[in-house]
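# Results of the structural survey
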Amino acid sequence: MYDWLDGYLRAMPGAEHDYKIEWRWDRYKVRGKLFAVLCCPGPEYKVYGGHPLVNLKCDPRLAEGLRAQYPEILPGFYCDKRTWIAVLLDGAMPGGALRELCGLSYRLAVERLPKYVQRELDIERFLI
C-alpha cells in the first residue's frame, strides 16, 4: 500500500539506510540520528504483532492528538513511547499525512545535529 515509503525515506537529504538483521529492522538515519524504522513485529508483540509498521520520532503533545485522530497510530514500537509513534501500514492512514509525519520525524532528528551540519544538508529546501 505504501510502496513509495522506502524511497521517500532514503531521498531525504543525508539519509542513511541499514538493516539490523537481529531485529529485522530497516533503519533510516541522518548523520547517525535515527528518524525512522520499518519493521513487522511478530505475533508475540500483542497489538503491534503481525502488522507492518513505521516507527517515527514525534513531539509528545502532537503524538497524543494523532493517536486520538488515527486508530493506526500507536505509541512507538520498542522505542520511547513518549517521543516515538508507530504507524500501522496495513490501516487506512492517508499517504499525505504519512509523508508529513515522516518529514516531521526527519526534521526532529536534524534539529539535534550541529548547525553547520543542518546547513550542509540544506533541509529548508526539502521541507517546504
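Refer to the structure presented above.
Here goes a summary of the coordinates provided.

Along strand 2 (residues 25-30), five of the six residues are buried, which leaves the element largely enclosed by surrounding structure. Sheet topology places strand 1 (residues 15-20) next to strand 2; six bridges connect them, and they run antiparallel. Looking at strand 2, one finds that Lys20 is bridged to Trp25. Adjacent in sequence and paired antiparallel, strand 1 and strand 2 are bridged by four residues, among which Arg24 carries a positive phi angle near 60 degrees. Relative to strand 3 (residues 33-39), strand 2 runs antiparallel, the two sharing five bridges. If you follow Tyr28 over to strand 3, its bridge partner there is Ala36.

For the rest of this paragraph, the subject is the nonpolar core. Ranked by size, the top nonpolar core spans 32 residues in total, and within it Val87 and Leu98 carry the most contacts. Breaking this core down by element, the ones donating at least two residues are helix 1 (5-10), strand 2, strand 3, strand 4 (53-57), helix 2 (60-69), strand 6 (84-88), helix 3 (95-110) and helix 4 (115-121). The leading source of residues in this core is helix 3, at eight residues. In this view, Val87 contacts Pro52, Leu53, Val54, Leu56, Glu72, Ile73, Met93, Leu98 and Leu101; residues no more than four positions away in its chain are not counted.

If you walk through the whole model with that rule in mind, you get six salt bridges. The partner of Arg61 in a salt bridge is Asp59, and the shortest N-O contact between them spans 3.1 Å. Shared partners join several salt bridges into a network, and the residues in it are Asp18, Arg27 and Lys29.

It is worth spelling out the pairing of strand 6 at this point. Within strand 6, five of the five residues are buried, which leaves it mostly tucked inside the rest of the structure. The side-chain alternation of strand 6 yields two buried faces, one formed by Trp84, Ala86 and Leu88 and the other by Ile85 and Val87. Judged from the five bridges that link them, strand 4 and strand 6 form a sheet pairing that is antiparallel. When the sheet's bridge partners are listed, Val54 is paired in strand 6 with Val87. Inspection of the sheet shows strand 5 (residues 73-75) paired to strand 6 by three bridges, in the antiparallel sense. Within strand 6, the position partnered with Ile73 by the bridge is Val87.

Ordered by their spatial adjacency, six strands build an open sheet running 1-2-3-4-6-5, and the pairing between neighbours is antiparallel. The sheet terminates laterally at strand 1 and strand 5, the two strands that pair on one side only. Here the average twist between neighbouring strands, direction ignored, is 25 degrees. With respect to the sheet, helix 2 is in contact with strand 5 and strand 6, its orientation differing from that of strand 5 by roughly 135 degrees. Helix 3 contacts strand 2, strand 3, strand 4, strand 5 and strand 6 of the sheet and is inclined by roughly 45 degrees relative to strand 4.

Thresholds applied
- Residues numbered from 1 in each chain as written.
- Predicted model: local features only at pLDDT ≥ 70, side-chain atom pairs only at ≥ 80, totals over all residues.
- Heavy atoms only, no water.
- Buried < 20%, exposed > 50% of the residue type's maximum accessible area, 1.4 Å probe, protein only.
- Helix = DSSP H or I, 4+ residues; strand = E, 2+ residues; numbered from the N terminus.
- Pairing = 2+ DSSP bridges.
- Core = buried A, V, L, I, M, F, W, Y, C linked by side-chain atoms within 4.5 Å.
- Contact = heavy atoms within 4.5 Å.
- Salt bridge = Lys/Arg side-chain N within 4 Å of Asp/Glu carboxyl O.
- Axes fitted to C-alpha atoms, helices over the stretch in contact; angles between N-to-C directions.

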